[in-house]
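Single-letter residue listing:
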Amino acid sequence: MLLRHTPKDSIERKALTINPAKTCQPIGAMYAALGIHGCLPHSHGSQGCCSYHRSTLTRHYKEPIMAATSSFTEGASVFGGQANLLQAITNIFEIYEPEIIAIHSTCLSETIGDDLNQIIQKASDDGKIPLGKHVIYANTPSYVGSHVTGYANMLKGIIRYFPEATEKKTDFINLISGWVEPSDMKEMKRLAKMMGAKTIMFPDTSDVVETSLDGDYKMYPKGGTTISELIASGNSKKSIGIGTWATKEAAIALENKCKVPFALTDVPIGLQATDRFIQAVAKAAEISIPDSITNERGKLVDVIADMHQYLYGKRVALWGDPDQLIPLVEFLVDLDMKPVYIVTGTPGKLFEQKMKEILSEKVPEAKYKAGEGADMFMMHQWIKNEPVDLLIGNTYGKYISRDENIPFLRMGFPILDRIGHSYFPTVGYMGGLRILEKILGLFMDKQDAESPETSFELVM
Ligand code: SF4
């Protein structure tokens, strides 16, 4: 059954989204907060919201994701949640002993109008925040934007609180990471290190949400950007925001606060976006690109050349976050594939502009949409009318994949039914190779399963 009720004929919908290609703001805020060492995210709202956010992250990472909640009941919902939050701050520092509490709001507390800044100030005035401990916050009303907006808002909360500028500038560069997997954050740090750049990455969820099983449970794993690194980021020579939607406002806020100039670059997915990332790091750190990087690039180019015949002209439908879709679509075009349908639930006019720039010449038939009404239902209708050869997106595409018998590459958030994303990057040249390997595997498996005996090939 599943999505077989999706009709082929579409009717105009103005006030209804069906299966949105996004999730809610606080999940992003929670994920960004996990990228600070010793931080406990706190959801200022009802237990239901917090359970949903935690369980989505837990299912995506297959790790227990910790967060606290203000546990609104009827009273807090009517009179406001200040008393709950003040009690929560006391309890959390006493029982769970984090270095930082990162509070985000929810639809409910935003609608009531709770002022997080004022409540935190009161907690501080009342002596509820122990010396040397920190409480930061972000407003994340989920009826605006998406999980990416929540991530961006928490980054601004981090900048508002930690970085400090002194007279003494350093030769570090800040890598402000967009929403990518911990494996991707590790890979970007590896590339920068190979180039000899000194970097501070924030947030950094590597070694936080994909920890090793050593028999000793740690509530605050060893990873995450430290407080001293966050403070020092105010003295860095430059910031690179990796992904416009997730990092632009944080980069601007850091420049305004500490006079650290910034450049924006795409999440380094695929050949060209990785080239731009490498060049951005080289320029910011004033260093040259070593042969080892060029060598990795060459391996990706070699596989593209070797396998081109399996990729040429293949039609692809994608959904996810703009910061990932833009470089991914560009990569597919570089592979001579045809990304024909692209949707993101995250709003922003820039997305459609970027799609036009990338696709208008090479894939003029492409359809794309961002924000309201850009949903999986619409994409399924497009596919029913003119099928595709490949789906790329989060787990929610598995219904379309099964119903239409289309190979499906899981990428983005959330991935609830496969593993690997935490450990194997899709950024950088090696990440590009992994994407290629996965796409080719899907096409070849389908060919092996469906080709008649007369054209069943041993060597491919
Ligand atoms: S959309 Fe709003 S009410 Fe629903 S889980 Fe997210 S924050 Fe809670």
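Sequence positions are assigned chain by chain, starting from 1 and proceeding in written order. Local features in a predicted model are, by the rule used here, given only for residues with pLDDT of at least 70; side-chain atom pairs are given and counted only at 80 or more, and totals for whole chains, interfaces and linings are based on all residues.

Caption draft 1: Representation of the overall build of the protein chain within the structure. Looking only at helices and strands, the protein chain features 17 helices and 13 strands. For a compact globule the rule gives 2.2 Å times the number of residues to the power 0.38, and the radius of gyration it is set against comes from C-alpha atoms. In terms of overall dimensions, the protein chain is globule-like: its C-alpha atoms have a radius of gyration of 23 Å, near the 23 Å expected for 460 residues. Along the three orthogonal principal directions, the C-alpha set of the protein chain runs to about 80 × 55 × 45 Å. Looking at the protein chain residue by residue over its 460 residues, the buried ones come to 50%. Across the protein chain, contacts joining residues at least 24 apart in sequence account for 74% of those joining residues at least 6 apart. For helices the rule is a DSSP run of H or I covering at least 4 residues; for strands it is a run of E covering at least 2, with both sets numbered from the N terminus onward. Partly exposed residues are those whose C-beta has more than 12 but fewer than 20 other C-beta atoms within 10 Å; with 20 or more the residue is buried, with 12 or fewer it is exposed, and the C-beta atoms are placed from the backbone. Placing a C-beta atom from the backbone of each residue, one calls two residues in contact when those atoms lie within 7 Å.

Caption draft 2: Focus on unusual backbone geometry. Between F202 and P203 the backbone carries a cis peptide bond, its omega angle lying at -15 degrees. Mapped onto the fold, P203 is located in the loop between β6 (199-202) and α9 (227-232). For the bond running from F413 to P414, omega is 0 degrees, close enough to zero to count as cis. Inspection of the secondary structure assignment puts P414 in the loop between β13 (408-410) and α17 (428-450). With a phi close to 50 degrees, S71 is a non-glycine residue in the positive phi region. Unlike most non-glycine residues, E286 shows phi in positive territory, near 55 degrees.

Caption draft 3: Spotlight on the sheet that holds strand β8 (residues 262-265). What makes two strands pair is DSSP finding at least two bridges between them. Pairing in this open sheet of four strands is parallel, and the strands run β6-β5-β7-β8 from one edge to the other. Each edge of the open sheet carries a strand with a single partner, namely β6 and β8. In this sheet, adjacent strand axes meet at a mean angle of 20 degrees when their direction is disregarded. To get an axis, a line is fitted to the C-alpha atoms, and for a helix only the part in contact is used. The angle between two axes follows their N-to-C directions and goes from 0 to 180 degrees. Running at roughly 160 degrees to strand β7 (residues 238-242), helix α10 (residues 244-258) makes contact with β5 (173-177), β7 and β8 of the sheet.

Caption draft 4: Broad picture of the domain arrangement of the protein chain. You can read the domains of the protein chain as domain 1 (25-144), domain 2 (173-292) and domain 3 (301-450). Three residue categories are used. Nonpolar comprises Ala, Val, Leu, Ile, Met, Phe, Trp, Tyr, Cys and Pro, charged comprises Asp, Glu, Lys and Arg, and polar comprises the others, including Gly. For the side of domain 1 that touches domain 3, a count of residues per class yields one nonpolar, two polar and two charged. Here the bounds of each domain stem from an automatic or database domain assignment.

Caption draft 5: A look at the sheet that holds strand β12 (residues 390-393). Reading across from one edge, β11-β10-β9-β12-β13 is the order of the five strands in this open sheet, with parallel pairing throughout. Both outer strands of the open sheet, β11 (367-370) and β13, are each paired with one neighbouring strand and no more. Within the sheet, the average angular offset between the axes of one strand and its neighbour, ignoring direction, is 15 degrees. Examined bridge by bridge, β12 and β13 share three bridges and lie parallel to one another.

Caption draft 6: Region of interest: the environment of P327. Topologically, P327 is positioned in helix α13 (residues 322-334). Given 26 C-beta atoms within 10 Å, P327 falls into the buried group. Counting along the chain gives 74 residues from P327 to S401, while the straight-line C-alpha distance between them is 23 Å. Those residues in contact with P327, other than ones at most four positions away along the chain, are D266, V267, I269, G270 and A273.

Caption draft 7: Representation of the packing of helix α1 (residues 25-34) against helix α7 (residues 147-161) in the model. One way to put it is that α1 packs onto α7 with a least axis distance of 6 Å and a crossing angle of 45 degrees. Between α1 and α7, the angle falls in the class oblique. The two elements α1 and α7 meet at a crossing, and its hand is right-handed. Within the contact between the two elements, α1 uses Q25, P26, I27, G28, A29, Y31, A32 and A33 and α7 uses H147, V148, T149, G150, Y151, N153, M154 and L155. Roughly parallel means an angle under 35 degrees; roughly antiparallel, over 145; roughly perpendicular, 65 to 115; everything else is oblique. For a crossing to be left-handed, the near helix must be turned anticlockwise from the far one by less than a right angle; the clockwise case is right-handed.

Caption draft 8: View of α7. Between the first and last C-alpha of α7 there are 21 Å, a value that for 15 residues agrees with the 21 Å anticipated at 1.5 Å per step. Among the 15 residues of α7, twelve are classified as buried, and the element is accordingly described as predominantly covered. Among all positions of α7, only H147, V148, T149, G150, Y151, A152, N153, M154, L155, G157, I158 and I159 are buried. Take the residue count of a helix, subtract one, and multiply by 1.5 Å to get its expected span.

Caption draft 9: Layout of the pairing of strand β10 (residues 338-344). When you tally the buried positions in β10, you get seven out of seven residues, the bulk of the element. As paired strands, strand β9 (residues 315-319) and β10 are joined by five bridges and run parallel to one another. Pairing of R315 across the sheet is with K338, part of β10. Look down the strands so they point away from you; if the path from the first strand over the helix to the second goes clockwise, the crossover is right-handed. Read from β9 through α13 to β10, the crossover connection turns out right-handed. Sheet topology note: the β10/β11 ladder contains four bridges and is parallel. The residue of β11 that forms the bridge with V343 is K369. Once you follow β10 into helix α14 (residues 349-359) and on to β11, the crossover reads as right-handed.

Caption draft 10: Highlighting helix α8 (residues 182-194). Helix length check: α8, at 13 residues, gives a terminal C-alpha distance of 18 Å against a target of 18 Å (1.5 Å per residue), a fit within 8%. Among all positions in α8, only P182, S183, D184, M185, K186, E187, M188, L191 and A192 are buried. Residues of α8 that are buried in the fold lie against β5, β6, β7, α11 (271-285), α12 (291-311) and α17. With its phi angle positive at about 85 degrees, G196 sits one or two positions after the end of α8.

Caption draft 11: Highlighting the pairing of β8. As defined by bridge partners, β7 adjoins β8 across four bridges and the pair is classed as parallel. Residue pairing in the sheet places G241 in a bridge with L264 of β8. Chirality of the crossover, the property in question, places the unit of β7, α10 and β8 among those that are right-handed.

Caption draft 12: Fine view of the environment of E97. Here E97 is to be found in the loop between α4 (82-95) and β3 (100-105). Between the C-alpha atom of E97 and that of Y220, which follows or precedes it by 123 residues, the distance is 9.6 Å.

Caption draft 13: Region of the structure containing the packing of α4 against helix α6 (residues 116-125). Two numbers describe how α4 lies on α6: the axes approach to 10 Å, and their chain directions differ by 45 degrees. Considered as vectors, α4 and α6 are oriented oblique to each other. Relative to α6, the crossing made by α4 is right-handed. In this structure, α4 contributes Q82, L85, L86 and I89 to the contact, and α6 contributes I119, K122 and A123. The residue makeup of the contact of α4 with α6, split by class, is five nonpolar, one polar and one charged.

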